[in-house]
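Residue-level structure breakdown
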Amino acid sequence: DAGVIQSPRHEVTEMGQEVTLRCKPISGHNSLFWYRQTMMRGLELLIYFNNNVPIDDSGMPEDRFSAKMPNASFSTLKIQPSEPRDSAVYFCASSTGQLRSEKLFFGSGTQLSVL
Amino acid sequence: AQSVTQLGSHVSVSEGALVLLRCNYSSSVPPYLFWYVQYPNQGLQLLLKYTSAATLVKGINGFEAEFKKSETSFHLTKPSAHMSDAAEYFCAVIKGGSQGNLIFGKGTKLSVKP
């Protein structure tokens, strides 16, 4: 299995531009999570989906952020318009969604820099 | 509300020395606790997890952690550090009743000196 696949690995954009981050979870996994990692705040959960339905989006910082999961094999996190403070590493993770205690499988992340 | 606190943002040990990374938790219910490791430019990987089955939990790469309710701690240890252990380590607890919704500590960066 290829694991959780995120694209792009690096994104550099200018303030005000739209940014779209992509994630392909592990096949058969029913839960998908978007995390953001910064030096100041550490790892924060932005949103998670179960069976393609958003379950908890309380971590989404502002209306500029939106996430979709149109099918079981694809999710996007969009920032529009982007701001310099959005610069961070964004991780996608997936799990089977069967147990509370099961582990998450993380992608390699997207390093976002907003100039 | 659940939370974890990692003591020490940076720990440095010599190769062959004991590794001890500290994590204290706060939870109003019996917690599910995890340790994840992040190597440079990679995502997180699960080292081990506690789910109330046994207080001493063994994980991958020779790491283990002991759940101590009286101390509300879940410290991560390894008897002998290896250069390849250099990474950032995160303690985490599940938020409330949510499946997989992890609350992470700020992380501890482990350096291993030759």
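Quantities reported herein were computed from a predicted structural model and do not represent experimental measurements.

So, how was this worked out
Residues numbered from 1 in each chain as written. Chains lettered and ligands numbered in written order. Predicted model: local features only at pLDDT ≥ 70, side-chain atom pairs only at ≥ 80, totals over all residues. Heavy atoms only, no water. Pairing = 2+ DSSP bridges. Helix = DSSP H or I, 4+ residues; strand = E, 2+ residues; numbered from the N terminus. Axes fitted to C-alpha atoms, helices over the stretch in contact; angles between N-to-C directions. Buried < 20%, exposed > 50% of the residue type's maximum accessible area, 1.4 Å probe, protein only. Polar contact = N/O pair within 3.5 Å; in protein donor to acceptor, adjacent residues only side chain to side chain. Contact = heavy atoms within 4.5 Å. Buried area = accessible area lost by both parts, 1.4 Å probe. Salt bridge = Lys/Arg side-chain N within 4 Å of Asp/Glu carboxyl O. Nonpolar A, V, L, I, M, F, W, Y, C, P; charged D, E, K, R; others polar.

Within a beta sheet, neighbouring strands are joined by backbone hydrogen bonds and run either parallel or antiparallel to one another. Residue and element names in this part refer to chain A. Pairing within the open sheet is antiparallel, and its 4 strands lie in the order β1-β3-β8-β7. Single-partner strands in this sheet number two, and they are β1 (5–7) and β7 (65–71). Strand-to-strand twist of the sheet, defined as the mean angle between neighbouring strand axes without regard to direction, takes the value 15 degrees.

A few words now on the side chain of B:His75. Residues and elements named next belong to chain B. Looking at the secondary structure, you find His-75 in strand β8 (residues 73–78). We classify His-75 as buried; its relative accessible area is 18%. A distance of 3.0 Å separates a polar atom in the side chain of His-75 from the backbone nitrogen of Cys-23. Ignoring any residue separated from it by four or fewer positions in sequence, one finds His-75 in contact with Leu-20, Leu-21, Arg-22, Cys-23, Asn-24, Trp-35, Glu-64, Ala-65 and Glu-66.

So, on to the sheet that holds strand β7 (residues 64–68) of chain B. Residues and elements named next belong to chain B. The 5 strands are arranged β1-β3-β8-β7-β6 in an open sheet whose pairing can be described as antiparallel. The outermost strands of the open sheet, each flanked by one partner alone, are β1 (3–7) and β6 (56–58). When the angles between neighbouring strand axes are averaged without regard to direction, this sheet yields 20 degrees. Where β7 lies against β8, 5 bridges are found, and the strand directions are antiparallel. Bridging from a neighbouring strand, Glu-66 pairs with His-75 of β8.

Moving on: the interface of chain A and chain B. At the junction of the two partners, chain A supplies 25 residues and chain B supplies 23 residues. Taken together, the two surfaces of chain A and chain B that pack against each other cover about 1,900 Å², and 51% of this comes from carbon and sulfur. Seen at the junction of chain A and chain B, the total is 0 salt bridges. Run the count over chain A and chain B and you get 4 residue pairs in polar contact (both at pLDDT 80 or more). When contributions to the side of chain A that touches chain B are tallied by element, the ones reaching two or more residues are β4 (31–38), β5 (42–50) and β9 (88–95) of chain A. Its residues assigned to classes, the side of chain A that touches chain B comprises 10 nonpolar, 9 polar and 6 charged.

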